[in-house]
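Structure at a glance
Below, each chain spelled out in residue letters.
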Amino acid sequence: MSSSVFLSGAGIAALVLAGAVAVATANRDRQELATAEAAIGAVHAERDVLRAKVSELQETVQEHAALEERIRELEAALQDRDAASQTAEDAAEDSEDDPATVLAGIGDAENGKTLFRQCSGCHEIGAGAENGVGPHLNLLFGRKAASIDGYRYSDSLMRAATNGLEWHADTLSDYIADPRTFASGTRMSYAGMKDDADRRDLLAFLRIYSDNPADIPEADPTAVGTDHSVDPEILAIAGDAEYGEYLSSECTTCHQASGSDDGIPSIVLWPEEDFVTAMHAYKEKVRPNPVMQLIAGRLSNEEIAALAAYFKDLEE
Amino acid sequence: MKLNRRSFVGAIAASTLAAPMVRAGGHGTPRVVVVGGGAGGATAARYIAKDSKGAIDVTLIEPTRTYYTCFFSNLYLGGFKQMDDLGHSYGNLASAYGINVVHDWAVGVDRDAKTVTLAGGGTVPYDKLILSPGIDFVDGSVPGWDLSSQNAMPHAYKAGSQTELLKAQLMAMPEGGVYAMVAPPNPYRCPPGPYERVSMVAHYLKQNNPTAKILIADPKPKFSKQGLFEEGWEKHYGGMIERIGPDFGGENTSVDPAAMTVDIDGDVNKVDVCNVIPAMKAGRIAEIAGVTDGNWAPVNAVDMSTKADPDVYVLGDASQQGDMPKSGFSANSQAKVCANAVRGALTDSRVFPAKFSNTCWSLIDTNDGVKVGATYEATDEKIAKVDGFVSQTGESAELRKATYEESEGWYSGITADMFG
Ligand SMILES: Cc1cc2nc3c(=O)[nH]c(=O)nc-3n(C[C@H](O)[C@H](O)[C@H](O)COP(=O)(O)OP(=O)(O)OC[C@H]3O[C@@H](n4cnc5c(N)ncnc54)[C@H](O)[C@@H]3O)c2cc1C
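Residues numbered from 1 in each chain as written. Chains lettered and ligands numbered in written order. Predicted model: local features only at pLDDT ≥ 70, side-chain atom pairs only at ≥ 80, totals over all residues. Heavy atoms only, no water.

Turning next to the overall build of chain B. Per the secondary structure count, chain B includes eleven helices and 24 strands. Compactness check: chain B gives a C-alpha radius of gyration of 22 Å against a globular reference of 22 Å for 420 residues, within 12% of the reference. When its C-alpha atoms are laid out on the principal axes, chain B stretches across 70 × 45 × 40 Å. Taken across its 420 residues, chain B has 57% of its residues classed as buried. Taking all contacts inside chain B whose residues are at least 6 apart in sequence as the whole, residues at least 24 apart take part in 67%. (Helix = DSSP H or I, 4+ residues; strand = E, 2+ residues; numbered from the N terminus. Rg over C-alpha atoms; globule rule 2.2 N^0.38 Å. Buried < 20%, exposed > 50% of the residue type's maximum accessible area, 1.4 Å probe, protein only. Contact = heavy atoms within 4.5 Å.)

Below, the structure is given as structure tokens:
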């Protein structure tokens, strides 16, 4: 703009130069065109890059959505699992009230033994059984889930245990039927035993190695020392068996020295640690029977150790 | 002489002798005589014989050859047990534990000569005498009733033929008839016993004679496990049971065995069965031995020795010990404390601190069991309660069933503990 003002001020020179100017203008236009074309090319290139980025981003977003969906799924699964273990807990409570519901689940141990071949690749059971790929299955009934020292359980099972999952006929049956539904993160890579009758038979076999929970509601949870939360110092006390013999006379009014367990569980030949643990569970009122809470409640740690030392070898 | 003997024993205990010591008054093996082979006596005899392994000579004097437990005898009335289920023989105590079982009555005790006289004529010497004779009845406690009326109006509070008689009378009741019970005043054996009996009689009647009624004349304002029984009676036997307590003259009751009437505070009832459970006192032999004060024999809580004589012990129902109820469980618990102390006094065996406990189960109806229990310790004055519990009203049917099953386990346990 300022140059045209200048030209109008220069008169003739403007006329003389008009042709040259026109050429120059044309040149400049070409240059500009080229520049513009170059710019457009650059923009296009940039657009392509951006497009690539966008599609890349879109993919990422899709991935995110998928991940979110997966997370939702996992959360739902977790909730189901919690609900399942809650149900299991309720069922365990119910079944404590009604032994029939537990015992109804018991079938043919002979067939169960055959079925156990599906399990024996990972699980040992019986005398000398040890943890392998899976934990050993002795004293399984009445045991807290994920409770065998020295076996690494999935977090999934550990959490279920924290929520109170215990292995009884009903919870075991649900678990074996479909391990992943029951505990989605379980390491037990077993598809599940779908047939009810088969599961009952298998359970009947497993139950043989569970300290014979007898036909009484008390025996299943109490006949095995399940929670080893007793202070190791207490467990370490060496019992005075002779004192234990005297103290035992208070027990034998109800618990038979012969080990019979009709209506009142047997307390002879228990491993000392289990005995001590069980008595402390009564002392702390963790276990429910009020007679036992009273009796254990006033026994000192030494007296409990004395009783454990006496009963561990008692054979009539 | 007793003082001398005690200081003699004290001196021995203080000295340090390596060889097992036996403290018998001038003769070989020390001798323990137990009178009464019931919950207290059989347990004491068995534990002393078992634990001393022949170091103490144990004689058990008991007139009957078969001991019928009072515990569970109500369940026999209800039809849950047979009479044979309740009978236990002394054979095993003799053969497996070497106890001299003498089937006779003890009729005299000479505490200076330390001998027991038998109805059959002989005398049995002792170093330590343990009396566990159970109960006898207080004459005149129910006007109109005495022992000679027990066939017309049975007590069935000593098990055996009395229990069978009461059952027979129950079964013979006319349709819609009345079963009366005159309940005892405190203290008496088995505090829940009369009320468990009412439950079992009601159970029988509900099945066989549902329009019949049960009438209880009771001198006590309250009774053991009352809330639980009353809840159960309402639930299972609504309208069948009427209890007249002292607020309505229940303590002012007399009977006429010939007319089969019960007079409750002037209101005369004609009844078909009359189960009179009179006031109780220690079995006669405790009184004969001169160790009673009033109706019962006061004892020291640490070892159940009598206040009257350190060499005479009284167990179970006959003793006046403090807070424990008169029950088979209590008698058995006391027997074991006593056995440990007696053995320690006669040989060099270790004596451990006294610990007592009791649980009484009662059956209200099929699979409806309840329980009450406590732990006890020895104080200078008495056996003192430490802690206790009782079943709650409104418990689940499952818990009640488990409680009943527990009582069956207990029955097997205690009878094995008594008779081996
Ligand atoms: C209906 C009923 C239900 C009961 N239910 C229960 C229950 O569920 N749980 C419970 O714990 N308790 C129960 N009891 C109470 C229990 O039976 C007594 O508390 C217990 O038997 C007391 O034991 P003891 O050794 O003092 O007397 P007992 O067991 O009565 O034994 C006394 C023995 O001494 C013998 N004897 C007596 N005098 C002499 C003598 N002069 N010479 C030689 N021998 C003699 C008798 O023949 C008898 O065998 C019940 C009682 C009754 C009546």
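On we go.
Residue and element names in this part refer to chain A. Within the secondary structure, A305 is located in helix α14 (residues 301-311). Given the relative accessible area of 4%, A305 is considered buried. Taking the C-alpha atoms as reference points, A305 and A238, separated by 67 residues in sequence, lie 6.4 Å from one another. In contact with A305, not counting residues within four places along its chain, are I237, A238, G239, E272 and V276.

Let us now look at helix α11 (residues 397-419) of chain B. Taking 1.5 Å of rise per residue, the 23 residues of α11 of chain B would be expected to cover 33 Å, and the 33 Å separating its terminal C-alpha atoms lies within 8% of that figure. Just downstream of α11 of chain B lies G420 of chain B, where phi reads positive at about 80°. (Expected span 1.5 Å × (residues − 1).)

All names here are of chain B. Between helix α6 (residues 161-171) and helix α7 (residues 193-208), whose axes approach to 11 Å, the crossing angle comes to 40°. On the basis of their axis angle, the class for α6 and α7 is oblique. Crossing handedness for the pair α6 and α7: right-handed. Along the contact surface, α6 presents L166, L170 and M171, while α7 presents R197, V201, Y204 and L205. (Axes fitted to C-alpha atoms, helices over the stretch in contact; angles between N-to-C directions. Parallel < 35°, antiparallel > 145°, perpendicular 65-115°, else oblique. Left-handed = near helix turned anticlockwise from the far one by under 90°.)

With that settled, consider the environment of D262 of chain A. Within the element layout of this structure, D262 of chain A appears in the loop between α11 (241-251) and α12 (272-283). We classify D262 of chain A as partly exposed; its relative accessible area is 40%.

A few words now on the domain arrangement of chain B. All names here are of chain B. Its domain assignment divides chain B into domain 1 (28-136 + 281-351) and domain 2 (142-278). Computed from C-alpha coordinates alone, the two centres of domain 1 and domain 2 are separated by 30 Å. Where domain 1 touches domain 2, the interface holds two salt bridges. Between D136 and K158 there is a salt bridge, and its shortest N-O distance comes to 2.8 Å. Remark: the boundary between domain 1 and domain 2 carries eight residue pairs in polar contact (both at pLDDT 80 or more). It is helix α3 (residues 73-78) that contributes the most residues to the side of domain 1 that touches domain 2, six residues altogether. Looking at the side of domain 1 that touches domain 2, its residues break down into ten nonpolar, six polar and three charged. (Domains from an automatic or database assignment. Salt bridge = Lys/Arg side-chain N within 4 Å of Asp/Glu carboxyl O. Polar contact = N/O pair within 3.5 Å; in protein donor to acceptor, adjacent residues only side chain to side chain. Nonpolar A, V, L, I, M, F, W, Y, C, P; charged D, E, K, R; others polar.)

Residue and element names in this part refer to chain B. Around the ligand lies a shell of 34 residues, among which E62, Y67, S132, R189 and D317 are the nearest. Backbone polar atom of G328 to a nitrogen atom of the ligand: 2.9 Å apart, as the coordinates give it. Contact with the protein chains covers 93% of the free accessible surface of the ligand, which is 990 Å². Every element with two or more residues in the shell around the ligand is listed here: α2 (39-52), α3 and α10 (328-346). (Near = heavy atom within 4 Å. Areas by Shrake-Rupley, 256 points an atom, 1.4 Å probe, with all protein chains shown as cover.)

Here the focus is the confidence of the model for chain A. Of all residues in chain A, 73% have pLDDT values of 70 or greater, and the mean over the chain is 76. Overall, residues 1-7 of chain A carries pLDDT values under 50, and its contacts beyond four positions in sequence, including any with other chains, amount to one contact. (pLDDT = per-residue confidence, 0-100.)

Our focus in this paragraph is the packing of aromatic side chains. Residue and element names in this part refer to chain B. Scanning all chains against the criterion turns up 24 aromatic pairs over all chains. Taking the centre distance of 6.3 Å and the plane angle of 70° together, the rings of F72 and W410 count as edge-to-face. Note that F72 is positioned in the loop between β3 (66-68) and α3 and W410 in helix α11, a separation of 338 residues in sequence. Within the aromatic cluster, the residues linked to one another by ring pairs are F71, F72, F329, W361, W410 and Y411. The aromatic ring of Y76 is capped on one face by K167, whose charged end is 4.9 Å from the ring centroid. (Phe/Tyr/Trp six-rings, centres within 6.5 Å; stacked < 30°, edge-to-face > 60°. Lys NZ or Arg CZ within 6 Å of the ring centre and 35° of its normal.)

The subject of this paragraph is the sheet that holds strand β7 (residues 115-118) of chain B. All names here are of chain B. Within the open sheet, the three strands sit side by side as β6-β7-β8. Their pairing is antiparallel. Two strands bound the open sheet, and with one partner strand each, they are β6 (106-110) and β8 (123-125). Within this sheet the neighbouring strands show an average axis-to-axis angle of 25°, counted without direction. By the bridge criterion, four bridges tie β6 to β7 in an arrangement that is antiparallel. Considered in β7, the bridge of G108 is made with T117. (Pairing = 2+ DSSP bridges.)

Quick look at the packing of α2 of chain B against α11 of chain B now. Helices that pack against each other are described as a pair by the angle of their axes relative to one another and the distance between those axes. Residues and elements named next belong to chain B. Running from N to C, α2 and α11 cross one another at 55°; their axes reach a closest spacing of 7 Å. The angle between α2 and α11 falls in the class oblique. Contacts between α2 and α11 involve A39, A42, T43, R46 and Y47 from the first element and A416, D417, M418 and F419 from the second. When its residues are assigned to classes, the contact of α2 with α11 shows six nonpolar, one polar and two charged.

Before going further, it helps to examine the nonpolar core. I130, I214, C274 and W410 of chain B are the most contacted members of the largest nonpolar core, which totals 152 residues. Looking at this core, the element that brings in the most residues is α10 of chain B, giving eight residues. Among all residues touching W410 of chain B, those that are not within four sequence positions of it are T253, C254 and I264 of chain A together with F71, F72, F329 and W361 of chain B. Membership of the second largest hydrophobic core comes to 27 residues, among which are I125, I148, Y153 and W167 of chain A. (Core = buried A, V, L, I, M, F, W, Y, C linked by side-chain atoms within 4.5 Å.)

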